[in-house]
Amino acid sequence: MDDFARTLVSEAESLAPTPGRSLRVLVGMTGASGAAYAVDFLRRCPGEKYLVMSKWARAVLHAETGLREEDLALHVKARFSDSDLAAPFASGSNPLDAFVILPCSTSTAAKIAAGIGDTLITRAAQVALKERRRLVVAVRETPLSTLQLEALARLSREGAIVFPLSPPWYGKPETVDDLVSATTAKLLRLLGVEVPGGWREEDLE
């Protein structure tokens, strides 16, 4: 098996849930704008979902959507405080199929790229990197400075997926909800979740 084939096998295995259980996803919300993406993702993502919100994520969630952290409890199995470094996902001994930071502030991305794990969100990201687990950094910031680009490039080299929250338009969206939904659909596909509505999907039939 050549190196390219090994890479494909490794990526496929990284997407597959551990046998005997459903997809397990940790979602981290930071203080970046774009809380609606996280809300939609939590509603649509199957399997076990766990949520960590920073203090400013809670503020942005309420400012942008009118929701509070308690309103998201229906969509997750458990919630953890961002200050709780004794939480299960601060350790690599607890299996996790993916950690999605949505939305991810560039400050959080920079801390992760620098190897800092001073909160549960940044610590869980360090765990994901060292355990070679799927880490998706969904950045909502524009424009990006050179410092921010360098931090994101470093994360990408370390195996993280850098996912700018840039909605696709090929589905001819008519509402803001359409744009949000199309973006979260792309995130779900990254986790191996089958979601209809791909570009010219009908041509595959």
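Residues numbered from 1 in each chain as written. Predicted model: local features only at pLDDT ≥ 70, side-chain atom pairs only at ≥ 80, totals over all residues. Heavy atoms only, no water.

> Which parts of the structure should I look at to understand the pattern of salt bridges?
Note that side chains of opposite charge can pair when their charged atoms are close. Evaluated as defined, the whole model comprises seven salt bridges. Between glutamate 131 and lysine 130 there is a salt bridge; the shortest N-O distance is 2.7 Å. On the accessibility criterion, glutamate 131 (33% relative accessible area) is partly exposed. The structure contains a network of salt bridges with shared partners spanning Arg24, Glu48 and Lys77. (Salt bridge = Lys/Arg side-chain N within 4 Å of Asp/Glu carboxyl O. Buried < 20%, exposed > 50% of the residue type's maximum accessible area, 1.4 Å probe, protein only.)

> How should I be thinking about the confidence of the model for the chain in this particular structure?
Keep in mind that low pLDDT regions are not for reading the predicted coordinates in detail. For the chain, per-residue confidence averages 90 on the pLDDT scale, and 90% of positions sit at 70 or higher. In this model, residues 1-16 is a region of pLDDT below 50 whose contacts with residues beyond four sequence positions or in other chains number eleven contacts. (pLDDT = per-residue confidence, 0-100. Contact = heavy atoms within 4.5 Å.)

> Sorry if this is basic, but what is going on with the pairing of strand β2 (residues 48-53) here?
Moving residue by residue along a regular strand, the side chains alternate between the two faces of the sheet. The element β2 is largely enclosed, with a buried count of six among its six residues. Judged by which residues are buried, β2 turns out to be covered on both faces: Glu48, Tyr50 and Val52 on one side and Lys49, Leu51 and Met53 on the other are all buried. As defined by bridge partners, strand β1 (residues 24-29) adjoins β2 across six bridges and the pair is classed as parallel. Paired with valine 27 across the strands is leucine 51, a residue of β2. (Helix = DSSP H or I, 4+ residues; strand = E, 2+ residues; numbered from the N terminus. Pairing = 2+ DSSP bridges.)

> What's the story with the side chain of glutamine 126 in this structure? I'm lost.
Secondary-structure assignment places glutamine 126 in helix α5 (residues 120-130). Among the polar contacts listed, one links the side chain of glutamine 126 to the backbone oxygen of isoleucine 112, at a separation of 3.0 Å. Side-chain polar atoms of glutamine 126 contact the backbone oxygen of isoleucine 116, separated by 3.0 Å. Non-local contacts of glutamine 126, meaning those with residues more than four positions away in its chain, are made with Lys111, Ile112, Gly115, Ile116 and Gly117. (Polar contact = N/O pair within 3.5 Å; in protein donor to acceptor, adjacent residues only side chain to side chain.)

> Can you help me understand α5 in this one?
Since the α-helix packs 3.6 residues into each turn, any two residues three or four apart lie on the same face. The buried fraction of α5 is high, at nine of eleven residues. Residues of α5 that are buried: Leu120, Ile121, Thr122, Ala124, Ala125, Gln126, Val127, Ala128 and Leu129. Positive backbone phi, at 60°, marks arginine 132, one or two positions downstream of α5.

> Please explain unusual backbone geometry as it appears in this structure.
Glycine aside, negative phi is the norm for most residues, and most peptide bonds take the trans geometry. Of the consecutive residues leucine 102 and proline 103, the connecting peptide bond is found in the cis state with omega at -10°. Mapped onto the secondary structure, proline 103 falls in strand β4 (residues 98-104). With an omega dihedral of -10°, the bond running from threonine 142 to proline 143 counts as a cis peptide bond. Structurally, the position occupied by proline 143 is in the loop between β5 (134-139) and α6 (146-157). One non-glycine residue, lysine 172, adopts positive backbone phi at about 55°. Tracing the chain through its elements places lysine 172 in the loop between β6 (161-162) and α7 (176-190). Its relative accessible area of 71% is what places lysine 172 among the exposed residues.

> Can you help me understand the packing of helix α4 (residues 106-113) against α5 in this one?
A pair of packed helices is characterised by two quantities: the angle between their axes and the separation of those axes. In the contact formed by α4 and α5, the axes pass within 9 Å of each other and the chain directions differ by 45°. When the axes of α4 and α5 are compared, the pair comes out oblique. Relative to α5, α4 is oriented so that their crossing is right-handed. Together, Thr108, Lys111 and Ile112 of α4 and Ile121, Thr122, Ala125, Gln126 and Leu129 of α5 make up the contact between the two elements. For the contact of α4 with α5, the residue count by class is four nonpolar, three polar and one charged. (Axes fitted to C-alpha atoms, helices over the stretch in contact; angles between N-to-C directions. Parallel < 35°, antiparallel > 145°, perpendicular 65-115°, else oblique. Left-handed = near helix turned anticlockwise from the far one by under 90°. Nonpolar A, V, L, I, M, F, W, Y, C, P; charged D, E, K, R; others polar.)

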